[in-house]
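Each chain, written out:
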Amino acid sequence: QCQLNGLWKNDQDSLMEISVLRDNGDFQGQYLTRVTLSGGCAQISPLKGTQQQLGERGWPTFGFTVHWDKFSNATTAFVGQCFVDAGGKEMLSTTWLLREAVGSLEEDWKATR
C-alpha cells in the first residue's frame, strides 16, 4: 500500500514533503522546486491536497495544489496516483497544470501550461 506522507523527489530534482496526512485523506506539506518561471533559485512553497481513501487495497489517487509563494504569481494543480513497483519502491505518477496570472482577458490564452 502506498503512503503519501514523507519526502518525494521528481525527475527535475524538486522535492515534495507531505508532513501531515489526516484520517480523512487531507494532507499538507511543502514543495521545493528546482524549476522556476523566473529562472531563479530553488524556493519552498506550501501545498495542500487530498487522497482518495481505498482502505487496505488499491493504489490511491490524489490531488494537490501548490501556491508558488514569494517568487511567482502562479498556482499549480497536480493529480496523480501512487504505485508500488515489483521491488517494493513507492512511486507517484502525476500530471500538472500551472496557471500564471495575466493582465487581461485577451492574454488568457497564454496563462496555462
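In case you missed it, the structure is sitting above this.
These numbers come from a predicted model, not from an experiment.

Draft legend 1. The overall build of the protein chain, seen in detail. A count of helical and extended segments in the protein chain gives 0 helices and 7 strands. Starting at the N terminus and ending at the C terminus, the protein chain contains elements arranged as β-β-β-β-β-β-β. Sorting the 113 residues of the protein chain into buried and exposed places 27% on the buried side. As displayed, the protein chain has an accessible area near 7,400 Å², and 50% of this comes from carbon and sulfur atoms.

Draft legend 2. Up close: the pattern of salt bridges. This structure, assessed with the given rule, holds 4 salt bridges. Between Arg 113 and Glu 100 there is a salt bridge, and its shortest N-O distance comes to 3.2 Å. Note that Arg 113 is positioned in the segment after β7 (90–100) and Glu 100 in strand β7, a separation of 13 residues in sequence. Lys 110 is paired through a salt bridge with Glu 107; the nearest N and O atoms lie 3.5 Å apart. Given the relative accessible area of 28%, Glu 107 is considered partly exposed.

Draft legend 3. Spatial organisation of the pairing of strand β2 (residues 15–21). Relative to β2, strand β1 (residues 6–9) runs antiparallel, the two being bridged by 4 bridges. Directly across from Gly 6, in β2, lies its bridge partner Ile 18. The turn joining β1 and β2, which pair antiparallel and follow one another in sequence, is formed by 5 residues; a positive phi near 65 degrees is taken by Asp 13. In this structure, β2 lies alongside strand β3 (residues 26–33), joined through 6 bridges in antiparallel fashion. By the bridge assignment for β3, Leu 15 is matched with Leu 32. In textbook terms, the turn of a hairpin is the stretch between consecutive antiparallel strands, and for β2 and β3 this stretch comprises 4 residues, one of which, Gly 25, has a positive phi near 100 degrees.

Draft legend 4. Fine view of unusual backbone geometry. A positive phi angle, near 65 degrees, is found at Asp 13, a position not held by glycine. Tracing the sequence through the fold places Asp 13 in the loop between β1 and β2.

Calculation notes
Residues numbered from 1 in each chain as written. Predicted model: local features only at pLDDT ≥ 70, side-chain atom pairs only at ≥ 80, totals over all residues. Heavy atoms only, no water. Helix = DSSP H or I, 4+ residues; strand = E, 2+ residues; numbered from the N terminus. Buried < 20%, exposed > 50% of the residue type's maximum accessible area, 1.4 Å probe, protein only. Areas by Shrake-Rupley, 256 points an atom, 1.4 Å probe, with all protein chains shown as cover. Salt bridge = Lys/Arg side-chain N within 4 Å of Asp/Glu carboxyl O. Pairing = 2+ DSSP bridges.

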